[in-house]
Amino acid sequence: MQIYFSPEVITPEYQVLNVVDATNKGVGNVAFLFGEKKLYVYGILEAEEVGADFKDLVTPYLKGLAKAKPDVDIFSCLYVGGRKIKLHEEKEE
């Protein structure tokens, strides 16, 4: 299933985007909150079967936003079907 962003609200301080499928049915949402040196990302997707697509959709969008403020710290909290996902793998110590 293909999923896409559908903007709900976009301001200089935050963005709220609906996640929709090819039939424009809402399957989740994601919010980006901008601070001076921080970017907070919160998202939830209902359907587990498109979890990889959700990650593939959010990651390049987030990288694009980070280019506007290269020194920004990014904090994310993303859930797919009630399970937390990570955008990148943690490095082992």
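Residues numbered from 1 in each chain as written. Predicted model: local features only at pLDDT ≥ 70, side-chain atom pairs only at ≥ 80, totals over all residues. Heavy atoms only, no water.

Asker: How should I be thinking about the overall build of the protein in this particular structure?
Answerer: Per the secondary structure count, the protein includes 1 helix and 6 strands. Shown N-terminal to C-terminal, the secondary structure of the protein runs as helices and strands in the order β-β-β-β-α-β-β. The C-alpha atoms of the protein give 13 Å as radius of gyration, which agrees with the globular expectation for 93 residues (12 Å, within 12%). Judged by the C-alpha coordinates and their principal axes, the protein covers about 40 × 35 × 20 Å. When each of the 93 residues of the protein is scored for burial, the buried share is 31%. In the structure as shown, the protein presents an accessible area of about 6,400 Å², 52% of it carried by carbon and sulfur atoms. (Helix = DSSP H or I, 4+ residues; strand = E, 2+ residues; numbered from the N terminus. Rg over C-alpha atoms; globule rule 2.2 N^0.38 Å. Buried < 20%, exposed > 50% of the residue type's maximum accessible area, 1.4 Å probe, protein only. Areas by Shrake-Rupley, 256 points an atom, 1.4 Å probe, with all protein chains shown as cover.)

Asker: Help me understand unusual backbone geometry in this model?
Answerer: With the exception of glycine, most residues fall at negative phi, and the peptide bonds are largely trans. A positive phi angle, near 70°, is found at N24, a position not held by glycine. Along the polypeptide, N24 turns up in the loop between β2 (14-21) and β3 (26-34). Judged by its relative accessible area of 59%, N24 is exposed.

Asker: Explain the nonpolar core here, please?
Answerer: Among the nonpolar cores identified, the biggest contains 21 residues, and F32 and F54 are the most heavily contacted of them. Listing elements by their share of this core, those giving two or more residues are β1 (3-10), β2, β3, β4 (38-45), α1 (51-68) and β5 (73-80). With 5 residues, the top contributor of residues to this core is α1. Apart from the residues within four sequence positions on either side, F54 is in contact with I3, V19, N29, G43, I44, L45, L78, Y79, V80 and I85. (Core = buried A, V, L, I, M, F, W, Y, C linked by side-chain atoms within 4.5 Å. Contact = heavy atoms within 4.5 Å.)

Asker: Would you explain the pattern of salt bridges in this entry?
Answerer: Oppositely charged side chains can pair when the atoms bearing their charge come close. Applying the stated criterion to the full structure yields 1 salt bridge. The partner of D71 in a salt bridge is K37, with the nearest N and O atoms 2.7 Å apart. One end of the pair, D71, is in the loop between α1 and β5; the other, K37, is in the loop between β3 and β4, with 34 residues separating them in the sequence. (Salt bridge = Lys/Arg side-chain N within 4 Å of Asp/Glu carboxyl O.)

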